[in-house]
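Spelled out, the chains give:
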Amino acid sequence: MFRAASRLNFRGRASIPSVRLASTASKASPQSQNLDVAQQLEKDASRILNVVRRRIEERDKLLREDVDAQGSSTAHIQRAKALKELEPLHHAWTRWTDARNSFSETVTLLDDPDPDIRALATEERASLTEVLSEHVNTVFPSLLVPPSSTKHFSAIIELKSGVGGDEAALFVADVLKMYTRLAATRGFRVETVSISQLEGSKGSGGGIKEVIIEATGEGAYDVFRWESGVHRVQRVPATESQGRVHTSTITVMVLPTSDAPEETETDFKIDEKDVKTEVMRARGAGGQHVNKTESAVRLTHIPTGISVSMQDSRSQHSNRAKAWQILRARLLDRKLQEEQAEKRDNRRSIIKGADRSEKIRTYNFPQNRVTDHRIGLTITNLDSVLEGDELQYVIDELQKDHEESVMADLLNE
Amino acid sequence: MPRIGKPTDLSNRILRLSLGSEAANRELRWMKEAIYEARPKISSVDFDATLKSYVKRRATGTPLTYVLGTQPFGPLSIKCRPPTLIPRPETEDWVTRLGQVISSVQSGSQSPISVLDICTGTGCIPMLLSCTSRSPITALGVDISEAAVNLAKENVTEAGLSGRIQIIKGDLFDDTFVRTVLSKATSQDGFDVITSNPPYIPQEEYDRLPPSVKHYEDQLALLGDRQGSGEADGLSFYHRIAELISKENLVRDGGILAVEHGLGQSAAVQNIISNALGHRVRRLEAWKDQWEKERAVVAFL
């Protein structure tokens, strides 16, 4: 466990006011005072209730839609999916409405001549108040933040050394180890897709120029997605004889991937005709005339220009398969980024992680600290982060922060 | 006394001389991976010695495939030994494609598709067909070279395909050839599919082949001119195959003949087949390889 983690929060953030019930002091009659409680609740939570109401209206609209219309099967699937996602909110809203109505009725019974009925009503009021405030403070917020649309994706993680030569390459190896450890803790299977190592130059073996790994398992993408960006390391390199601190950088890119064809097919599909396959190098007469190993493959997705080269394996077959996997991931990532960008245009909150070349985190060895710049979080136990344990904490905080932004935007709709 | 560098530095230097540093590094990595894959618990002393020996052999010109002893071929790993021809990526390409269309040959019955592969070498063609075809395959592979036959048998056994693929020794140009192969066929009408990657290099081109091919791979697998025939265009084997098919019940109606050929030979091979088989040929296709070169002629009968 970490020794100390200070949370330095430099950004103001819209927080959801916890709605408290009015205290007992009031000049109004008991009945109106009681009714006031519910009304006060509604008033303070009006923004969130408005959002819920709007969602319910959306759902009603979907239900009223003509099912037999000329809509494509994709549209039907999406409609069914949307309805399914709104089910829990619908149930919660029904419970809220019932509780609200019951509350009004119960309040009228507080003045009943029968003391037993008055007692029952008092109990009812207390429990209904609980239900109402629970809905407003917990249930609705948790249901409004949409479930992750990417939770079934595995992750393809690309690490590239940036500024700093050998030292950056060594740091790639450190970060790779960190991710591998975290993946192991979370139960994800890790496989190396391709790797480009520095070969024993100047005795500093172990550096990695570029590496792509796949972390497989449900939720893997959601765990690693916040790692995309530039990571900065400040430390005295192994090769440095005079003890000077150097700054190097590496770039991490995390892409979504899925084995399940159905997931990706309905989400999006690549037309094979759009992809050009090239094998590297002219081969002269080829065939029996030549026995050089030629396994390199490049795929280019013509509409977007995205291209993937793969020459890691001796097997052209294997390189082709891996290249397709990376191409799918890049295209899927691009689609998700576009969707995010669309949502962002409608948002007023601070844009986070929009720029892939953004410096997201600094690892300072002399000061034994890791700082994530997006949420201003500093951990003062660098080893623990590199071992993966504390990294999970950082990721959790990033996830929370993300959800809070989403919530803030919802309330500002 | 000159300082002897670490084995890896030596290796790098030697490899880089012939290949260029990126390719050299890649080959070095493949060598290391191959050593660990074959012997995961190898001691570091043995590892260094093995790697050094690989690099030495490679640096003198031995094809990497012969150094490592295997060639990836589709999803398979084909065992290779000199002088048997190393499976080519072009062959991988058309055979994979053939596997995708071969199901059209099935007469509708439950029996597997029967394949005759002439000049089978390592046995890679029938093996890859077994993998890529959706319908089950039984195959007979024939080669004139005993070394090839032994190697192909090892490959088939190691892949667990002995129940499906049989390898025999035979000479295409011998009078007994047809009788021998037909005795193994499952039907009187012959095989469903005939495949071949026969030697197709003319003498003149053979003489100019790079050392990595000429000094290591079997001339029998490469030279397409029948000795003593006066032919010098590398096409002797196609003439013979077409002749046998036209005269004997080697392949049934509704079947496929698929042959690989060399650069610029497509038209000639198509003519040989059309002339010999005439109306039997329903459709003739010329397939290109990954490098956009015409590489195989496929005749649907």
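Criteria and cut-off values
Residues numbered from 1 in each chain as written. Chains lettered and ligands numbered in written order. Predicted model: local features only at pLDDT ≥ 70, side-chain atom pairs only at ≥ 80, totals over all residues. Heavy atoms only, no water. Helix = DSSP H or I, 4+ residues; strand = E, 2+ residues; numbered from the N terminus. Rg over C-alpha atoms; globule rule 2.2 N^0.38 Å. Buried < 20%, exposed > 50% of the residue type's maximum accessible area, 1.4 Å probe, protein only. Contact = heavy atoms within 4.5 Å. Areas by Shrake-Rupley, 256 points an atom, 1.4 Å probe, with all protein chains shown as cover. Lys, Arg positive; Asp, Glu negative; His and termini not counted. Charge placed at Lys NZ, Arg CZ, Asp CG, Glu CD. Buried area = accessible area lost by both parts, 1.4 Å probe. Salt bridge = Lys/Arg side-chain N within 4 Å of Asp/Glu carboxyl O. Phe/Tyr/Trp six-rings, centres within 6.5 Å; stacked < 30°, edge-to-face > 60°. Axes fitted to C-alpha atoms, helices over the stretch in contact; angles between N-to-C directions. Parallel < 35°, antiparallel > 145°, perpendicular 65-115°, else oblique. Nonpolar A, V, L, I, M, F, W, Y, C, P; charged D, E, K, R; others polar. Pairing = 2+ DSSP bridges. Core = buried A, V, L, I, M, F, W, Y, C linked by side-chain atoms within 4.5 Å. UniProt positions renumbered as here; feature names shortened; annotations may be inferred.

**Notes on the overall build of chain B**
Here's step 1: Per the secondary structure count, chain B includes 12 helices and nine strands.
Here's step 2: In summary, chain B has a C-alpha radius of gyration of 21 Å against a globular reference of 19 Å for 301 residues, a match within 12%.
Here's step 3: With the C-alpha coordinates of chain B rotated into their principal frame, the extents come out at 75 × 45 × 35 Å.
Here's step 4: Per-residue burial over chain B gives 50% buried out of 301 residues.
Here's step 5: Of all intrachain contacts in chain B linking residues separated by at least 6 positions in sequence, the fraction that spans at least 24 positions is 65%.
Here's step 6: Carbon and sulfur atoms provide 49% of the accessible area of chain B, an area that totals close to 13,800 Å².
Here's step 7: Taken as two groups, the 35 positive and 36 negative side-chain charges of chain B have centres that lie 7 Å from each other.

**Observations concerning the interface of chain A and chain B**
Here's step 1: Contacts between the two partners involve 26 residues from chain A and, on the opposite side, 43 residues from chain B.
Here's step 2: Here chain A packs against chain B, burying approximately 2,800 Å² in sum over the two surfaces, 46% of which is carbon and sulfur.
Here's step 3: Summed over the shared surface of chain A and chain B, the result is two salt bridges.
Here's step 4: As a salt-bridge pair, D312(A) and R29(B) come within 3.6 Å of each other at their nearest N and O atoms.

**Some remarks on the packing of aromatic side chains**
Residue and element names in this part refer to chain A.
Here's step 1: Tallied over the full model, the rule gives seven aromatic pairs over all chains.
Here's step 2: Pairing W93 with F140 gives two aromatic rings, centres 6.1 Å apart and planes at 45 degrees, and the pair type is tilted. A residue pair is termed long-range when its members are at least 10 positions apart, and W93 in helix α3 (residues 73–109) and F140 in helix α4 (residues 115–144) qualify at 47 residues.
Here's step 3: Relative to F224, the ring of Y179 has its centre 5.5 Å away and its plane inclined at 80 degrees; by these criteria the two rings are edge-to-face. Taken together, the residues Y179 in helix α5 (residues 165–186) and F224 in helix α6 (residues 220–224) connect sequence positions 45 residues apart. One exposure class covers both Y179 and F224, and it is buried.

**Here we look at the packing of α5(A) against helix α10 (residues 389–411) of chain A**
All names here are of chain A.
Here's step 1: Axis separation between α5 and α10 bottoms out at 9 Å; the angle between their running directions is 80 degrees. As far as their axial angle goes, α10 and α5 are roughly perpendicular. Between α5, through M178, Y179, L182 and R186, and α10, the contact on the second element is made entirely by L391, Q392 and I395.
Here's step 2: A per-class count over the contact of α5 with α10 returns five nonpolar, one polar and one charged.

**Structural notes on the pairing of strand β4 (residues 208–216) of chain A**
Residues and elements named next belong to chain A.
Here's step 1: In terms of burial, β4 is largely enclosed, as seven of its nine residues are buried.
Here's step 2: Summarising the sheet, strand β2 (residues 154–161) and β4 pair through six bridges and their orientation is antiparallel. Of the residues in β4, the one forming a bridge with I156 is E214.

**Digging into the nonpolar core**
Here's step 1: I157(A), L159(A), Y179(A), F224(A) and Y363(A) are the most contacted members of the largest nonpolar core, which totals 42 residues.
Here's step 2: Dropping the residues within four chain positions of it, Y179(A) is found in contact with I157(A), L159(A), F224(A), E227(A), H231(A), V252(A) and L391(A).
Here's step 3: Residues I194(B), A242(B), V269(B) and V281(B) belong to the second largest nonpolar core, which totals 40 residues.

**Describing the sheet that holds strand β3 (residues 113–118) of chain B**
Residues and elements named next belong to chain B.
Here's step 1: Strand order across the open sheet formed by seven strands is β5-β4-β3-β6-β7-β9-β8, with mixed pairing between neighbours. With one partner strand each, in any of the chains shown, β5 (165–169) and β8 (283–288) form the two edges of the open sheet. Between one strand axis and the next, the sheet turns through 15 degrees on average, direction left out of account.
Here's step 2: Looking at chain direction, strand β7 (residues 251–260) and strand β9 (residues 294–300) are connected through five bridges and run antiparallel.

**Looking at the UniProt feature "domain: Prokaryotic-type class I peptide chain release factors" (unreviewed entry) in chain A**
Here's step 1: Sequence positions flagged by UniProt for "domain: Prokaryotic-type class I peptide chain release factors" (unreviewed entry) are, in local numbering, residues 281–297 of chain A.
Here's step 2: Between the C-alpha atoms that bound residues 281–297 of chain A there is a distance of 10 Å. The span itself is 0% helix and 6% strand.

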